[in-house]
Amino acid sequence: MAFEREWGTLAGIGGGGAGGYHRFAWTPADLALRAWFREQAARRDMACEQDRNGNLWAWWGTPGPGAVVTGSHLDSVPGGGAFDGPLGVVSAFLAIDVLRERGVEPARPIAVVDFADEEGARFGVACVGSRLLTGVLTPDDARALRDGDGVTLAEAMRAADADPDALGRDERALERIGSFVEMHVEQGRALDDLGARVGVASAIWPHGRWRCTFHGVADHAGTTRLADRHDPMQPFASTVLAARGMAERFGGLATFGKVRVEPGATNAIPSRVDAWLDCRAPDETTVTRMVKEIGAAARRAAGLHDVRVEVVTESSTPLVEFGDALRDRISAALGGVPALPTGAGHDAGVLSASVPAAMLFVRNPTGVSHSPAEHAETGDCVTGVFALAAVLEDLACR
Ligand code: HGY
Ligand code: MN
Ligand code: MN
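Here the structure is a predicted model, which is why all the values come from computation and not from measurement. (Residues numbered from 1 in each chain as written. Chains lettered and ligands numbered in written order. Predicted model: local features only at pLDDT ≥ 70, side-chain atom pairs only at ≥ 80, totals over all residues. Heavy atoms only, no water.)

(A) The coordination of the manganese ion (ligand 3), seen in detail. Distances from the manganese ion (ligand 3) to its protein donors, His73 (NE2), Asp84 (OD) and His184 (NE2), fall at 2.0 to 2.2 Å. Taken in sequence order, the residues that donate to the manganese ion (ligand 3) follow the motif H-x10-D-x99-H. In this model, the manganese ion (ligand 3) sits 3.7 Å from the manganese ion (ligand 2), the two metals being bridged by Asp84. With His73 in strand S3 (residues 67-73) and Asp84 in the loop between S3 and helix H3 (86-101), the pair connects residues that are eleven residues apart, well separated along the chain. Just as His73 is buried, Asp84 falls in that class too. (Donors = N, O, S within 2.8 Å, 3.2 Å for Na, K, Ca; no water. Helix = DSSP H or I, 4+ residues; strand = E, 2+ residues; numbered from the N terminus. Buried < 20%, exposed > 50% of the residue type's maximum accessible area, 1.4 Å probe, protein only.)

Okay, here's the thing in structure tokens:
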């Protein structure tokens, strides 16, 4: 198995090392990853196409209905690990190699997909490619998304020679998908605790992103009396602590991982703080209650400092329960593997509302993800490739 060699061909693109990967949608790193994908497809004589929403597809067999689709994404969070996304794409190509070496002749087409902008690191909304494909995100909303420099998604696509006017639900692409199986590094330690190399996903927690904007008044840090300040950093800080408290109280998760301060001077009281809340829980009611309580805490804290606050939903993803039929079939093809829920979002979750979808997880001994410490042992990755090959063979040949 040439896992390490194939894996190595991606390593130098878009960062790596202690600083992690910075592979954001429609940037030069993303374009290099897309070129890598096309090269992998060409090496295997697989026809490659970019769909209306910027997702890349490589085909073994004639594209058409009933296809068994596998793959994941190649983009990363800022400072991301190597495995989240790329493991599913590399494993997909290698699983096809395994089947071909065995002389397997699929009765249905098999496709490898690289979904565009899964992490939403640049434009704020995750799973843009699969949300557009399935119609969960409207083309107008997508085109208007802006990055931190004010560049719209439409402008970024045009600069990368992609056509934003073509965005939208893609019946033709959806109709071809018979089933979708995404392989992914586990983003926790459950498989390690169970002593299992591979598992299947049972569910994805509902989750979403909310932008909290605190509007204050800029002033001099050295001359403005405390009583005269309208400092938006104060209610923001209280809201961070309140979010942690709500997560503990409701048994969910609440994180402020991104904050932008204007004007951003050490010696000036800020005029504005934008902060992004990521909130997740086992059920949708709990997510809604947590966000409501965190918003109320933000407003209370803002009132104490005569600061104005707005809370805007940027994305919201419902609970995903992967269908039993496909999950049980996959588990049976692998001789029975553990089924795990996850708090992480995935394109497979978005697709599951439209087509049969499932996920395979590969053990991550660090349990860490969205960090350079994310890891999977080569032996487990190889096991994952053979597992994926067995699943593809089962789905495409029987
Ligand atoms: O944010 C998520 O859950 C995913 O990793 N995109
Ligand atoms: Mn991720
Ligand atoms: Mn991922």
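Alright, that's what it looks like, and here's the rest.
(B) Representation of unusual backbone geometry. In this chain, Glu262 is followed by Pro263 through a cis amide linkage whose omega measures 0°. Topologically, Pro263 is positioned in the loop between strand S9 (253-262) and strand S10 (268-269). Backbone geometry at Asp117 places phi at a positive 50°, although glycine is not the residue there. Mapped onto the elements, Asp117 comes out in the loop between strand S4 (110-115) and helix H4 (128-134). Relative accessible area serves as the criterion here: at 5%, Asp117 is assigned to the buried category. Despite not being glycine, Cys127 shows a phi value in the positive range, around 55°. Among the residues examined, Cys127 registers a relative accessible area of 4% and is labelled buried.

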